[in-house]
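# Structural overview
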Amino acid sequence: MAKRRIAILGSTGSIGTQTLDVIRRHRELFEVEMLSAGSNAELLALQALEFDAGAVVIGDSSKYKELADTLQPKGIKVFTGTDSLCALVAAGNVDIVVGAMVGFSGLRPTLAALEAGKIVALANKETLVAAGQLVTDTMRANKGLILPVDSEHSAIFQCLLAAQGNEVVKIHLTASGGPFRTWPREKIAAATASQALKHPNWEMGAKITIDSATMMNKGLEVIEAHWLFDVDVSNINVLVHPESIVHSMVEFADGAVIAQLGNPDMRQPIAFALAFPNRINVGCKKLDLTEIGRLNFEKPDLEKFPCLALAFEAIKRGGNAPCAMNSANEVAVAAYLKGQIAFYDIARIIERVLNGLDFAASPSLDCIFSTHEESAVRARELL
Ligand code: NDP
Ligand code: MG
């Protein structure tokens, strides 16, 4: 396999650092061209030096000078701002762009990469939730490719390799159920952010960990699966599976269900997206089913986890509704993390923002940006 040149949007986060771990183990296969972060200039500089990156982009412009002073003498170019990010991911020296930024901020650089016909290894699910139609249209029009990094979607993608052109009847999207799966509703209502941040199976960034506790993460993933695999949401079944061993399943017309299994370790789906269609060893612990013994499955409880129901409603409405939902969720989760609102206020705020939405059935990119902004303003008013 020819060396693949990688750009990482969000290299200092959970997915970003695990992507670099995959690359570190296979320097013969991958080269780092560009790294970017929001404000963690210190780690970004260390990464750029270790991987001899061609360029870095820092979101927080107040960190630009310190970064430039460290990296420019070593021949590493330093930039700040989204325009630089968009130009660098589209450059001729990049083969694969890893979308590991958190939230809506990943949309513009992801679109820029797809417009340039790049392969995008996409973890940043909010991009597809907010603008799924535009993102997938851009991909098709420019012969770009999205390879899923989210573990469930990577699992579905792996299962679909067995489809041989046959239609998918159903997708079974598994969910751990998060830290509050077994808690009664009254106890969940009083849960603090630090309790919500204790995910039973996965170590992830703060925003997605809260999304897992509310199960909005699974709602975002339903929408993500709809766009990635062109499956109607009525054929996407959410299945709570507390062990997180079966990463998702695909059902065919003959009743056969194909599943992908493995220990929870994001390096597996990251490595599959980077090396596709090759499989490489990245040090994941081998699955021992006798050690695990039992695998359990349950229906999700929509009374306890109203965010999941809201996500189904938003994608059924379509248009700019998922964008508004995502925006309200970003504001509400940030406020919950700061201790400003209670757990169920997250769902309440999203519901109100959706109810007051100025609906657009086929939103343009400008409409997506204005929906995002206006929904965030409305959500902040509701805090
Ligand atoms: P983290 O919060 O750990 O990391 C986010 C990354 O984005 C950081 O590198 C951060 O930089 C960077 N960033 C934030 N704002 C900007 C900006 N304006 N410009 C450039 N970079 C920015 O998140 P995760 O890694 O957990 O998640 C990333 C995405 O992947 C999310 O969309 C999440 O839903 C998805 N995902 C994550 C999984 C996981 O296991 N973590 C699993 C499946 C999907 P800084 O460090 O400077 O703040
Ligand atoms: Mg996931």
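Preceding block: the structure.
Summarised in this report is the structure supplied together with it. Being a predicted model, the structure only gives us computed values, none of them experimental.

By nearness alone, 22 residues border ligand 1, and T12, S39, N40, E126 and G205 come closest of all. Between S39 and ligand 1, the recorded distance is 2.6 Å, taken from a backbone N or O atom to an oxygen atom. Out of a free accessible area of 900 Å², ligand 1 has 83% covered by protein chains. For the shell around ligand 1, the elements supplying multiple residues, two or more each, are α1 (14-25) and α6 (125-141). Classifying every residue of the shell around ligand 1 by side-chain character gives 9 nonpolar, 10 polar and 3 charged.

Before going further, it helps to spend a moment on the packing of helix α11 (residues 216-229) against helix α15 (residues 321-337). Running from N to C, α11 and α15 point in directions that differ by 155°, and their axes come no closer than 12 Å. One finds that α11 runs roughly antiparallel with respect to α15. Crossing hand, α11 versus α15: left-handed. Residues M216, L220 and I223 of α11 lie in contact with α15, whose contacting residues are P322, M325, N326 and N329. Counted by class, the contact of α11 with α15 contains 5 nonpolar, 2 polar and no charged residues.

Glancing now at the environment of V377. Tracing the sequence through the fold places V377 in helix α17 (residues 365-382). When the C-alpha atoms of V377 and V331 are compared, they prove to be 8.8 Å apart, with 46 residues separating the residues in sequence.

Mapped onto the elements, E126 comes out in helix α6. Beyond its immediate chain neighbours, meaning those up to four positions away, E126 contacts V102, G103, F104, K207, N326 and E330.

Here the focus is the environment of A225. Mapped onto the elements of the fold, A225 is located in helix α11. Separated by 68 residues in sequence, A225 and F157 have C-alpha atoms that sit 9.8 Å apart. Residues contacting A225, with those up to four places away along its chain left out, are H153, D230 and I236.

A few words on the coordination of the magnesium ion (ligand 2). Bound to the magnesium ion (ligand 2) on the protein side are D150 (OD), E152 (OE) and E221 (OE), at distances that span 2.1 to 2.2 Å. In primary sequence terms, the donor set of the magnesium ion (ligand 2) follows D-x1-E-x68-E. The pair formed by D150 and E152 is uniform in burial state, with each residue classed as buried.

We now examine the sheet that holds strand β1 (residues 4-9). What the 7 strands build is an open sheet, ordered β4-β3-β2-β1-β5-β6-β7; its pairing is parallel. Only two strands of the sheet have a single neighbouring strand rather than two, namely β4 (77-80) and β7 (145-148). Put simply, the sheet's adjacent strands are angled 20° from each other on average, direction ignored. As paired elements, β1 and strand β2 (residues 30-37) share 6 bridges and run parallel to each other. Following the sheet pairing, I6 is matched in β2 by V32.

Cut-offs applied
- Residues numbered from 1 in each chain as written.
- Chains lettered and ligands numbered in written order.
- Predicted model: local features only at pLDDT ≥ 70, side-chain atom pairs only at ≥ 80, totals over all residues.
- Heavy atoms only, no water.
- Near = heavy atom within 4 Å.
- Polar contact = N/O pair within 3.5 Å; in protein donor to acceptor, adjacent residues only side chain to side chain.
- Areas by Shrake-Rupley, 256 points an atom, 1.4 Å probe, with all protein chains shown as cover.
- Helix = DSSP H or I, 4+ residues; strand = E, 2+ residues; numbered from the N terminus.
- Nonpolar A, V, L, I, M, F, W, Y, C, P; charged D, E, K, R; others polar.
- Axes fitted to C-alpha atoms, helices over the stretch in contact; angles between N-to-C directions.
- Parallel < 35°, antiparallel > 145°, perpendicular 65-115°, else oblique.
- Left-handed = near helix turned anticlockwise from the far one by under 90°.
- Contact = heavy atoms within 4.5 Å.
- Donors = N, O, S within 2.8 Å, 3.2 Å for Na, K, Ca; no water.
- Buried < 20%, exposed > 50% of the residue type's maximum accessible area, 1.4 Å probe, protein only.
- Pairing = 2+ DSSP bridges.

Just geometry here; none of it tells us what the structure is for.
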